[in-house]
Structures are given as structure tokens and as C-alpha cells.
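# Observations on the model geometry
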Amino acid sequence: MAAGEDSLVVVAVILGAHGVRGDLRVKTFTEFPEDALSYGPLIGKDGVALVEPVKVRPAKDHFIVTPKSPRQKEEWDAMKGTLLHVPRSELPEPEGDEIYVEDLIGLKVINPEKQILGTVKAVQNYGAGDLIEVEPEAGAKTVLVPFTEEDVPDIDLSSGRVVVATFDLWTEGSDDEVD
């Protein structure tokens, strides 16, 4: 169930051009932000190299990258929002109980009683921490569950399962009125 060695893993996104000399702005998603720019060429989802960093400078919440092959300002701006990937084989192996978020996608979601609840469709982060997006078995609307030890106490990559202890909490609508 885990991503294969030849799969592509998203590590960054193009934010657009920086100036008119061919540099671009890149936001990274790795634990240590600068690491994403050290794994070699960053490639598009089609496997084509898009950015090979030569020089990297930190900015407020992103990096300014001088690529080996610069592009015109308009080209970088047109690529705004393009996800940048690296082959899984270029990433270091997770240590201890660490996992790559990418490995959660496609896992079966079960409750502590081992009933199948659905499948992990995606992992989202809207600024307050990671959320796993669960697509219920019954085909209902997806459910976002905080990716915390309390809500997701067990992940077993070898069996392709993740336990969500509080699934009902996140599927219930609240009828409470605020005074």
C-alpha cells in the first residue's frame, strides 16, 4: 500500500516569478523547508524536470530559486500553482515511527473495533495541522479527521490500514446553538 520507490512525491509548489532575471518563488512542504530544494531536479507530475536549483535564498515564507535553466517572468507566472515532485527513491527513509504523509493515501480506514469506515483519499493542511480526508465506504461526503495521535492512534502500512478512533465525532452534525 505504501508508495512505490519510483512514485513521485510532492515537495513544493511554484508561486510565480521573482523579478525579471529568470528566478522563481517556491514554497516547500518538507519538514525542513530547505531540504526540498536539495533532492535534485524538481519535476512535474508528468516526470519532466521543471526546476533544477542552482542558488536558493530564503524569503518570508518561501524560497527564491535561481534555476539552471531560467525562464521568462511570464512563463514562471503562468506556472503558478504547479506542484513540484521528486522521485520517492531520492527521499531519505523515514526514521523510527515517522512516515511520509503520501503513504497514508489509499489506506483503509477502520475503527478500533476493526470495522471498515472508508479510505484515505488525501491529506490536507489548511494551516492548523494535517487532516486526513476519509472517503466513507457508503459513498457519503468525505470526512476530515485531525491527524493527531488521539484521533489516529495506529497506522499499519504493512497491512494497509489506519485506525481512526474518533470517526463518529467528525461525522456528527452539531445541533448546539451558540448564545
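A short tour of the structure in this document, coming up.

Criteria and thresholds
Residues numbered from 1 in each chain as written. Predicted model: local features only at pLDDT ≥ 70, side-chain atom pairs only at ≥ 80, totals over all residues. Heavy atoms only, no water. Helix = DSSP H or I, 4+ residues; strand = E, 2+ residues; numbered from the N terminus. Buried < 20%, exposed > 50% of the residue type's maximum accessible area, 1.4 Å probe, protein only. Contact = heavy atoms within 4.5 Å. Areas by Shrake-Rupley, 256 points an atom, 1.4 Å probe, with all protein chains shown as cover. Pairing = 2+ DSSP bridges. Axes fitted to C-alpha atoms, helices over the stretch in contact; angles between N-to-C directions. Phe/Tyr/Trp six-rings, centres within 6.5 Å; stacked < 30°, edge-to-face > 60°. Lys NZ or Arg CZ within 6 Å of the ring centre and 35° of its normal. Polar contact = N/O pair within 3.5 Å; in protein donor to acceptor, adjacent residues only side chain to side chain. Salt bridge = Lys/Arg side-chain N within 4 Å of Asp/Glu carboxyl O. Core = buried A, V, L, I, M, F, W, Y, C linked by side-chain atoms within 4.5 Å. Patch = residues over 30% accessible without salt bridge, like charges linked within 9 Å, V, L, I, M, F, W, Y side chains within 5 Å. Lys, Arg positive; Asp, Glu negative; His and termini not counted. Charge placed at Lys NZ, Arg CZ, Asp CG, Glu CD. 1 Å grid on protein atoms, 1.4 Å probe; cavity = no way out; pocket = protein on both sides within 12 Å on 5 of 7 lines; lining within 4 Å. Points joined across faces, edges and corners; volume = space filled by probe spheres on them.

### Some details on the overall build of the protein chain
Tallying secondary structure elements over the protein chain gives two helices and 13 strands in all. In the protein chain, which comprises 179 residues, the proportion classed as buried is 34%. A fraction of 48% describes how many contacts in the protein chain between residues 6 or more apart in sequence connect residues 24 or more apart. Summed over all atoms, the accessible surface of the protein chain reaches about 11,100 Å², with 50% contributed by carbon and sulfur.

### Topic: the sheet that holds strand β9 (residues 116-125)
The strand order across the open sheet built from six strands is β11-β10-β9-β8-β13-β12, with neighbouring strands paired in mixed fashion. Each having just a single partner strand, β11 (143-146) and β12 (154-156) make up the two edges of the open sheet. Neighbour-to-neighbour, the strand axes of the sheet open up by a mean angle of 35°, direction not taken into account. Across three bridges, β12 lies against strand β13 (residues 161-163) in antiparallel orientation. Along β13, the bridge assignment pairs D154 with V163.

### Examining the packing of aromatic side chains
All chains considered together, the criterion is met by zero aromatic pairs. Taking the ring centre of W76 as reference, the NZ or CZ of R71 above it sits at 5.2 Å.

### Here's the deal with the side chain of H85
On the secondary structure map, H85 appears in strand β7 (residues 83-87). Exposure remark for H85: the relative accessible area of 8% places this residue in the buried category. Those residues in contact with H85 that lie beyond four places of it in its chain are L8, V9, V10, V11, P41, L42, I43, G44 and K45.

### Some thoughts on the side chain of T30
Its location among the elements puts T30 in the loop between β2 (23-28) and β3 (42-43). Within the structure, T30 has its side chain in polar contact with the backbone oxygen of F32 (distance 2.9 Å). In this structure the side chain of T30 is engaged in a polar contact, spanning 3.5 Å, whose partner is the backbone oxygen of P33. Not counting residues within four places of it along the chain, the set of residues in contact with T30 comprises V11, D35, A36 and Y39.

### With respect to the pattern of salt bridges
Within the structure shown, the criterion is met by four salt bridges. In this structure, the salt-bridge partner of K108 is E137, at a minimum N-O distance of 3.4 Å. Of the two residues, K108 is situated in strand β8 (residues 108-110) and E137 in the loop between β10 (130-136) and β11; the sequence distance between them amounts to 29 residues.

### Considering the nonpolar core
Grouped together as the largest cluster of nonpolar side chains are 20 residues, with contacts concentrated most on L24, V26, L42, V51, V65, W76 and L84. Within the residue set of this core, elements represented by two or more residues are β1 (8-18), β2, β4 (49-51), β6 (63-67) and β7. The element contributing the most residues to this core is β1, with five residues. Filtering out sequence-adjacent residues up to four positions away, V26 remains in contact with A12, V13, L15, L37, H62, F63, V65 and L84.

### Comments concerning a negative patch on the surface
Judged by side-chain charge, E31, E95, D97, E98 and E149 come together as a negatively charged surface patch. You can call E98 partly exposed: its relative accessible area is 41%.

### Focus: the layout of surface pockets
Over the atoms a probe the size of a water molecule is rolled, and this reveals where empty space is left. Taken as a whole, the largest pocket encloses approximately 1,100 Å³ of empty space. Taken together, 30 residues make up the lining of the largest pocket; nearest its centre are V10, F29, T30, E31 and V101. There is about 260 Å³ of room inside the second largest pocket. If you go around the second largest pocket, the residues you meet are D97, I99, F147, T148, E149, V152, P153, D154 and I155.

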